[in-house]
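Chain by chain, the residues:
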Amino acid sequence: MDSPTIVTIVTIIASVAGIAIGVIAPAIMEGLSVIKALEGMARQPEAARDLRTTLLISLAILESLAIYVLLVVLVLLFANPLITRFFKV
Amino acid sequence: MITVNPQVVFTIFGIGVRDTVVTTWIMMAFLMGVAALIRKRRPVLLEILFDFLNDLISEILGRSAGHVLPFIGSLAIFIFFANIIGLVPGLTTPTSDINTPIGLALVVFFSVHIFGVLEKGFVEYFKELVTPIYLFPFELIAQFTRTISLSVRLFGNMLSSEFLVAVIFSILPFVVPLPLIGLHIFDGVLQAYIFTALSTVYIAGAVLANTPSESVKQKSGEKNIPAKKVERK
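These remarks concern the structure in this document. (Residues numbered from 1 in each chain as written. Chains lettered and ligands numbered in written order. Predicted model: local features only at pLDDT ≥ 70, side-chain atom pairs only at ≥ 80, totals over all residues. Heavy atoms only, no water.)

## As for the interface of chain A and chain B
Here is step 1 of the chain: Each partner contributes to the interface: chain A provides 18 residues, whereas chain B provides 22 residues.
Here is step 2 of the chain: Of the roughly 1700 Å² buried where chain A meets chain B, counting both sides, 71% is carbon and sulfur surface.
Here is step 3 of the chain: A per-residue breakdown of the area chain A buries against chain B is headed by A:Arg43, A:Ile57 and A:Ile67, which together make up 27% of the total.
Here is step 4 of the chain: Taken together, the connections running from chain A to chain B amount to one salt bridge.
Here is step 5 of the chain: One salt bridge connects A:Arg49 with B:Glu59, and the closest N-O pair in it is separated by 2.7 Å.
Here is step 6 of the chain: Our count for the contact surface shared by chain A and chain B stands at three residue pairs in polar contact (both at pLDDT 80 or more).
Here is step 7 of the chain: Sorting elements by how many residues they give to the side of chain A that touches chain B places helix α3 (residues 48-78) of chain A first, with 15 residues. (Contact = heavy atoms within 4.5 Å. Buried area = accessible area lost by both parts, 1.4 Å probe. Salt bridge = Lys/Arg side-chain N within 4 Å of Asp/Glu carboxyl O. Polar contact = N/O pair within 3.5 Å; in protein donor to acceptor, adjacent residues only side chain to side chain. Helix = DSSP H or I, 4+ residues; strand = E, 2+ residues; numbered from the N terminus.)

So this is what it looks like as structure tokens:
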């Protein structure tokens, strides 16, 4: 195998492993925050509106961590800088 | 066909005009036409929309929306329709190209400071920005990372939900992609709400006064309110 093929294979393995591992932590944290918000809503239904707004905003901030992983994976898959930089293709 | 890079449709003075930009122009013309038509025929509908956006923004801002409303409201309408319009055949979603969300996030970045300066005055606003001087580097980092995360969040969400539909469509092009298109619509509405809410939060952080004495008073006031006791079995 020539070097660009090896780089491509390693890139694919790294992307799949990265998106699989990188999504675990945001998923756990989003679940925990939803649990807490639901507990708060069940205890104090009159505070549900504020809790819902805060929950959505914090979920968006937590979601951005997973989106960063997705962005890195997309760059690796579609616009890999390593192949064109080190090897003349 | 799955591509990340948008296609160049035609060039003006050597600058390539992409299909997402053309879609944005079509969408802007459509929105302006519909707004003019509704304003002539059914002004009540515009009032309902105005009330909805006003309630949404003033609830997050913590006071009446005022002169923040035109900016944030038009941002919300623009992002909502930009997320949805990709379902029309022949048009591409403008927000699934990284340039559109970066442009919107840069507009939010500058408008936060402009609203802060308009509210407090130039010297007062920047004095408040650097008040604990040892926290100023983190404040500076936060200003840039929030702009990046604001743009990347919208881009990543719209691109991933569009990819999902495209991949399932290439495997099973009959009926099966329909729920995923529904998910795409839901994601578009949610992301429009989140972008609006987050930019309102950032503007609220710049506009509202946060002097130490006031915040301390608020905290001590909150402590005086007795918390509801919940009996557990």
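So that's the structure; there's more coming.
## As for the packing of aromatic side chains
Residue and element names in this part refer to chain B.
Here is step 1 of the chain: Counted under the stated rule, the structure contains seven aromatic pairs over all chains.
Here is step 2 of the chain: For the ring pair Tyr-125 and Phe-126, a centre distance of 5.2 Å and an interplane angle of 75° mean the geometry is edge-to-face.
Here is step 3 of the chain: A relative accessible area of 33% places Phe-126 in the partly exposed class.
Here is step 4 of the chain: Following the ring pairs from residue to residue traces out a cluster consisting of Phe-109, Phe-110 and Phe-144.
Here is step 5 of the chain: Above the face of the Tyr-202 ring, Arg-146 is positioned so that its terminal group lies 4.2 Å from the ring centre. (Phe/Tyr/Trp six-rings, centres within 6.5 Å; stacked < 30°, edge-to-face > 60°. Buried < 20%, exposed > 50% of the residue type's maximum accessible area, 1.4 Å probe, protein only. Lys NZ or Arg CZ within 6 Å of the ring centre and 35° of its normal.)

## Quick look at empty space enclosed by the protein
Residue and element names in this part refer to chain B.
Here is step 1 of the chain: Counting across every chain of the model gives two cavities of 30 Å³ or more.
Here is step 2 of the chain: Size it by volume and the largest cavity reaches roughly 50 Å³.
Here is step 3 of the chain: For the largest cavity, the full set of lining residues is Ala-105, Val-108, Phe-109, Val-112, Gln-143, Arg-146, Thr-147, Leu-150 and Tyr-202.
Here is step 4 of the chain: Looking at the lining of the largest cavity, the elements with two or more residues in it are α4 (99-120) and α6 (136-171).
Here is step 5 of the chain: Here the residues of the lining of the largest cavity sort into six nonpolar, two polar and one charged.
Here is step 6 of the chain: In this model, the second largest cavity occupies a volume close to 30 Å³.
Here is step 7 of the chain: Leu-150, Arg-153, Leu-154, Gln-191, Ile-194 and Phe-195 are the residues that line the second largest cavity.
Here is step 8 of the chain: Where the lining of the second largest cavity is concerned, the elements lending two or more residues are α6 and α7 (177-207).
Here is step 9 of the chain: Residues of the lining of the second largest cavity, tallied by class, amount to four nonpolar, one polar and one charged. (1 Å grid on protein atoms, 1.4 Å probe; cavity = no way out; pocket = protein on both sides within 12 Å on 5 of 7 lines; lining within 4 Å. Points joined across faces, edges and corners; volume = space filled by probe spheres on them. Nonpolar A, V, L, I, M, F, W, Y, C, P; charged D, E, K, R; others polar.)

## What about the nonpolar core?
Here is step 1 of the chain: Judged by nonpolar contacts, the single largest core of 39 residues is most densely connected at B:Ile79, B:Phe195 and B:Ile203.
Here is step 2 of the chain: For this core, the elements supplying multiple residues, two or more each, are α3 of chain A together with α2 (43-61), α3 (69-84), α4, α5 (122-129), α6 and α7 of chain B.
Here is step 3 of the chain: With 10 residues, α7(B) is the largest single contributor of residues to this core.
Here is step 4 of the chain: Those residues in contact with B:Phe195 that lie beyond four places of it in its chain are B:Leu75, B:Ile79, B:Leu104, B:Ala105, B:Val108, B:Leu150 and B:Leu154.
Here is step 5 of the chain: Judged by nonpolar contacts, the second largest core, of five residues, contains A:Leu70, A:Leu74, B:Phe155 and B:Leu159. (Core = buried A, V, L, I, M, F, W, Y, C linked by side-chain atoms within 4.5 Å.)

## Let's talk about α2(B)
Here is step 1 of the chain: In a regular helix each residue adds 1.5 Å, so 19 residues correspond to 27 Å; α2(B) covers 27 Å between its end C-alpha atoms and thus fits that length.
Here is step 2 of the chain: Here α2(B) has its buried residues at B:Leu53, B:Leu56, B:Ile57, B:Ile60 and B:Leu61. Summarising the axial view, the buried residues of α2(B) lie within an arc of 125°, below the 170-degree limit, and thus occupy one face. In α2(B), the exposed positions that point more than 90 degrees away from the buried face belong to B:Val44, B:Glu47 and B:Ile48.
Here is step 3 of the chain: Looking at the buried positions of α2(B), the neighbouring elements they touch are α3 of chain A together with α3 and α7 of chain B.
Here is step 4 of the chain: Once α2(B) ends, the next one or two residues include B:Gly62, with phi positive near 85°. (Expected span 1.5 Å × (residues − 1). Arc of directions from axis to C-beta.)

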